[in-house]
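Understanding the architecture of this molecule
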Amino acid sequence: MDSRVSELFGGCCRPGAGPAMGGTLKARAVGSGGSGCGGQKGKKKNGRNRGGKANNPPYLPPEAEDGNIEYKLKLVNPSQYRFEHLVTQMKWRLQEGRGEAVYQIGVEDNGLLVGLAEEEMRASLKTLHRMAEKVGADITVLREREVDYDSDMPRKITEVLVRKVPDNQQFLDLRVAVLGNVDSGKSTLLGVLTQGELDNGRGRARLNLFRHLHEIQSGRTSSISFEILGFNSKGEVVNYSDSRTAEEICESSSKMITFIDLAGHHKYLHTTIFGLTSYCPDCALLLVSANTGIAGTTREHLGLALALKVPFFIVVSKVDLCAKTTVERTVRQLERVLKQPGCHKVPMLVTSEDDAVTAAQQFAQSPNVTPIFTLSSVSGESLDLLKVFLNILPPLTNSKEQEELMQQLTEFQVDEIYTVPEVGTVVGGTLASGICREGDQLVVGPTDDGRFLELKVCSIQRNRSACRVLRAGQAATLALGDFDRALLRKGMVMVSPEMNPTICSVFEAEIVLLFHATTFRRGFQVTVHVGNVRQTAVVEKIHAKDKLRTGEKAVVRFRFLKHPEYLKVGAKLLFREGVTKGIGHVTDVQAISAGEAQANMGF
C-alpha cells in the first residue's frame with residue numbers, strides 16, 4: 001500500500017490509547033530493552049521519595065480490578081478463611097484471562113516493588129502452589145528479580161504464570177495470522193516451529209506445509225494453511241518432533257497456537273485479505289526479511305492489519321545471512337514506520353528471555369506496543385525467545401465479551417467446504433456467536449435464490465480432534481453427513497432457525513477511500529470483503545457527493561452482482577480493485593425476501 005496514505009489509518013491506533021505506562025514503555029523499548037519488573041533499569045526518574053532518601057522506589061502500574069494480573073506482597077501462612085478468599089480470587093483472575101493468570105509476588109497493590117526475603121518468598125510460593133492445586137491449575141515461575149531499594153538485605157520479587165484449562169475446554173486456543181512479503185520465510189519459520197527441526201537453508205522445513213504441487217515447485221504459498229504448536233502446563237513446546245499426529249499434540253497440550261499461513265505474493269492478495277477477515281485471528285505475525293527490509297507487500301500487509309485493527313508483532317528473519325549492521329538498519333527502518341502518524345506504535349526490541357516475558361504482557365495490555373524479534377530459522381538464533389513469547393501471550397479477547405457472545409444465537413461462518421470419504425460433506429469456519437453441539441439442527445444460506453436450507457451437525461472437530469461442543473470464537477470443522485455439497489459455497493452462514501436470518505443484495509457503508517488513482521464514482525466495481533463474504537459489488541450511490549478522491553470519507557450504497565449475502569450492521573468492510581483500496585463498516589442493509597432475491601438474480 002502506498003506509504004503516502006499511512007496517516008489514513010489514524011483511527012486504528014490512537015496515541016495514548018494504551019495504559020498509563022505507555023511513556024515508560026517507549027523509553028524501555030528503544031533504549032534498554034528493559035523489564036516489566038522494574039529493577040534498577042526500570043526505576044522512574046520522577047518517582048516518589050520515601051523516608052527522605054535520594055533514590056526513588058521502582059513502581060509498576062497500580063493493580064487493576066479487571067484483567068488477569070494479580071499483585072501480592074506476600075502469602076505467608078494465611079488462615080483458612082484467608083486461604084479460601086485467595087482461592088476465589090485466583091479463580092476470578094483465571095476467568096478474566098480465560099485460563100491464564102500472572103501473579104507478581106513481592107509487589108504492593110499500588111505497584112510498589114517491595115520484594116521479599118528468601119524465606120518469605122519460599123513460603124509465599126508454597127502457598128501459591130497450594131492455591132493452584134485447589135483450583136486444578138499449574139504454576140510456572142517466569143522470572144525473579146532482585147530489588148535493592150531501601151534495604152540492606154537482598155529482596156526479590158517473583159513473577160509466576162498460573163494456567164488452568166477451563167472445564168468446558170480441551171485446551172486454551174490462540175489464532176495467529178502470518179503475514180509478510182513473498183520469500184520472507186513465513187512457511188519456513190512455521191515449519192521450524194511446528195516440526196521441531198531447523199531449516200537447511202534451502203527451504204526443507206516448509207515442504208510439509210504446502211498444499212499443492214505448484215507451491216512445492218515454486219516455493220511460494222498460494223492458499224491458506226493451518227499449522228499448530230502446543231505448550232504443556234509447564235510451558236514446554238509440544239510439536240511433531242515428539243508427537244506423531246495432531247491428536248497427540250492436542251492431548252498433550254494445555255495451550256494451542258494455531259498459525260494461519262497466508263500468501264505473500266501480490267498475486268494472491270485476495271486470499272490474504274480473506275484469511276484476515278474470515279478467520280478472525282487474535283493477532284498477526286508480520287515477517288520481514290533482514291536482508292531486504294520493508295519491501296514488496298510488507299507495507300500493504302501492515303496496512304491491512306492496521307485497517308482491520310488486528311494487533312501484530314514483528315519477526316525479522318534470515319539474520320544469519322546478514323551482517324549485524326544490516327539487521328540493525330532493518331530494525332531502525334521498522335521503528336521509523338511504526339512511529340509514523342496514523343500508526344503510532346511503540347516498537348519494543350526483544351533481545352532476552354526477560355524482554356520476551358515483558359513483551360507478551362505489555363502486548364496484551366496495550367494495542368500500541370509492537371514487539372520486534374530478530375531470529376534465524378537456519379541457525380536457530382533467538383528462536384527460543386519467540387517460543388517464550390507465544391507461551392506467555394494471553395488470550396487477547398475480553399472474557400466478558402466472550403460470555404456475551406455465547407449467550408447469543410448460533411452463527412457459524414462457512415470458510416471452507418470439503419468432501420471426506422465415509423464422512424460426507426464437511427465445512428470449516430469460525431463460530432461467530434452462540435454454542436454449537438453435535439446433533440444441532442441449523443439452517444444454512446443464503447443460496448443463490450435467497451433461501452436457507454435445513455441441516456444437521458453430525459460431528460465436530462477442532463485441530464483434527466473430536467469435540468462435542470463448540471463455543472463462540474472457536475474455529476472448527478463440522479460434518480454434515482449426506483448434505484449436498486453443490487448447495488454450499490464460501491461466505492454462507494449456518495445459523496439457529498430461531499434467528500430468522502435476513503439477506504440483502506443492497507447495503508450501505510461508511511467508507512474511507514485509502515487510495516484511488518483518479519476519482520471514485522457511481523458505477524465503479526470493487527471486490528468487497530465483509531467477514532467471510534467476498535463478492536464483487538457495484539457502487540450505486542455516493543451520498544452527498546458525486547465522486548471521491550484518496551483520503552475522503554462518504555456513505556456509499558453498494559449492490560452485490562451475483563447473489564445475496566448475509567450481512568450485519570456494524571461489520572468491518574474492506575474493498576479493493578487493482579490499486580484501489582478502502583475500508584469502512586456496514587451502516588445499513590436492505591433486507592429482501594427469497595422471491596425478491598430470485599427476481600434480482602438477472603441483474
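The structure under discussion appears in the preceding block.
Right, let's walk through the structure included here. Because the structure is a prediction, the values reported are computed rather than measured. (Residues numbered from 1 in each chain as written. Predicted model: local features only at pLDDT ≥ 70, side-chain atom pairs only at ≥ 80, totals over all residues. Heavy atoms only, no water.)

1. Comments concerning the layout of surface pockets
Of the pockets and cavities examined, the second largest pocket occupies roughly 810 Å³. Breaking the lining of the second largest pocket down by element, the ones donating at least two residues are strand E5 (172-180), strand E6 (225-231), strand E13 (411-420), strand E14 (424-433), strand E18 (459-462) and strand E21 (475-479). No other element matches the 5 residues that E21 contributes to the lining of the second largest pocket. For the lining of the second largest pocket, a count of residues per class yields 15 nonpolar, 11 polar and 8 charged. (1 Å grid on protein atoms, 1.4 Å probe; cavity = no way out; pocket = protein on both sides within 12 Å on 5 of 7 lines; lining within 4 Å. Points joined across faces, edges and corners; volume = space filled by probe spheres on them. Helix = DSSP H or I, 4+ residues; strand = E, 2+ residues; numbered from the N terminus. Nonpolar A, V, L, I, M, F, W, Y, C, P; charged D, E, K, R; others polar.)

2. As for helix H4 (residues 186-195)
An α-helical turn contains 3.6 residues, so any two residues separated by three or four positions project in the same direction. Where burial is concerned, most of H4 is hidden: 10 out of the 10 residues are buried. Considered for burial, the residues of H4 that qualify are Lys-186, Ser-187, Thr-188, Leu-189, Leu-190, Gly-191, Val-192, Leu-193, Thr-194 and Gln-195. Contacts from the buried residues of H4 go to E5, E6, strand E8 (255-261), strand E9 (283-289), strand E10 (312-317) and helix H11 (383-392). Just beyond H4, the residue with positive phi is Gly-196, at close to 80°. (Buried < 20%, exposed > 50% of the residue type's maximum accessible area, 1.4 Å probe, protein only. Contact = heavy atoms within 4.5 Å.)

3. Quick word on the sheet that holds strand E2 (residues 100-105)
Working definition: the strands of a sheet are paired by backbone hydrogen bonds and lie parallel or antiparallel to each other. Pairing is mixed across the open sheet formed by 4 strands, whose spatial order is E1-E2-E4-E3. Two strands in the sheet have a free side with no partner beyond their single neighbour: strand E1 (69-72) and strand E3 (138-147). Strand after strand, the sheet turns through a mean of 20° between neighbouring axes, direction not considered. The pairing of E2 with strand E4 (residues 155-163) spans 6 bridges and is antiparallel. What sits directly across from Tyr-103, in E4, is Val-160. (Pairing = 2+ DSSP bridges. Axes fitted to C-alpha atoms, helices over the stretch in contact; angles between N-to-C directions.)

4. Points about unusual backbone geometry
In this chain, Gly-445 is followed by Pro-446 through a cis amide linkage whose omega measures -5°. With respect to the helices and strands, Pro-446 occurs in the loop between strand E16 (441-445) and strand E17 (453-456). Of note, the phi angle at Lys-309 is positive, near 60°, even though the residue is not glycine. By relative accessible area, Lys-309 is classed as exposed at 52%. Of note in this structure, Lys-318 is not a glycine but carries a positive phi near 60°. Considering the arrangement of structural elements, one finds Lys-318 in the loop between E10 and helix H9 (324-338).

5. Brief notes about the nonpolar core
By size, the foremost hydrophobic cluster in this structure holds 44 residues, and its most contacted members are Leu-189, Phe-259, Phe-313, Val-315, Leu-386, Phe-389 and Leu-390. With 7 residues, the top contributor of residues to this core is H11. Taken together, domain 1 (69-164) and domain 2 (172-396) each give at least three residues to this core, which thus spans both. If sequence neighbours within four positions are ignored, Phe-313 has contacts with Val-176, Cys-283, Ala-284, Leu-285, Leu-286, Phe-363, Thr-370, Pro-371, Phe-373, Leu-386, Phe-389 and Leu-390. One finds Leu-262, Leu-306, Phe-312 and Leu-334 within the second-largest nonpolar core, a separate group that totals 38 residues. (Core = buried A, V, L, I, M, F, W, Y, C linked by side-chain atoms within 4.5 Å. Domains from an automatic or database assignment.)

6. Considering the packing of aromatic side chains
All told, the structure shown has 12 aromatic pairs when counted by the stated rule. For the ring pair Phe-507 and Phe-558, a centre distance of 5.4 Å and an interplane angle of 20° mean the geometry is stacked. Linking Phe-507 in strand E23 (residues 503-515) with Phe-558 in strand E28 (residues 553-560), this pair joins segments that are 51 residues apart in sequence. With relative accessibility at 0%, the residue Phe-507 sits in the buried group. (Phe/Tyr/Trp six-rings, centres within 6.5 Å; stacked < 30°, edge-to-face > 60°.)

7. A look at a nonpolar patch on the surface
Together, Tyr-418, Val-420 and Val-423 make up a nonpolar patch on the protein surface, roughly 200 Å² of accessible area in all. Along the chain, Val-420 falls in strand E13. Residue classification places Val-420 among the partly exposed positions, given a relative accessible area of 31%. (Patch = residues over 30% accessible without salt bridge, like charges linked within 9 Å, V, L, I, M, F, W, Y side chains within 5 Å. Areas by Shrake-Rupley, 256 points an atom, 1.4 Å probe, with all protein chains shown as cover. Salt bridge = Lys/Arg side-chain N within 4 Å of Asp/Glu carboxyl O.)

8. Comments concerning the side chain of Lys-255
Tracing the chain through its elements places Lys-255 in strand E8. Judged by its relative accessible area of 3%, Lys-255 is buried. Here Glu-100 takes part through its side chain, which lies 3.4 Å from a polar atom of the side chain of Lys-255. A distance of 2.3 Å separates a polar side-chain atom of Lys-255 from the backbone oxygen of Leu-393. Contacts of Lys-255, omitting those with residues within four sequence positions, involve Glu-100, Arg-163, Phe-171, Leu-172, Leu-229, Gly-230, Phe-231, Leu-390, Asn-391, Ile-392, Leu-393 and Pro-394. (Polar contact = N/O pair within 3.5 Å; in protein donor to acceptor, adjacent residues only side chain to side chain.)

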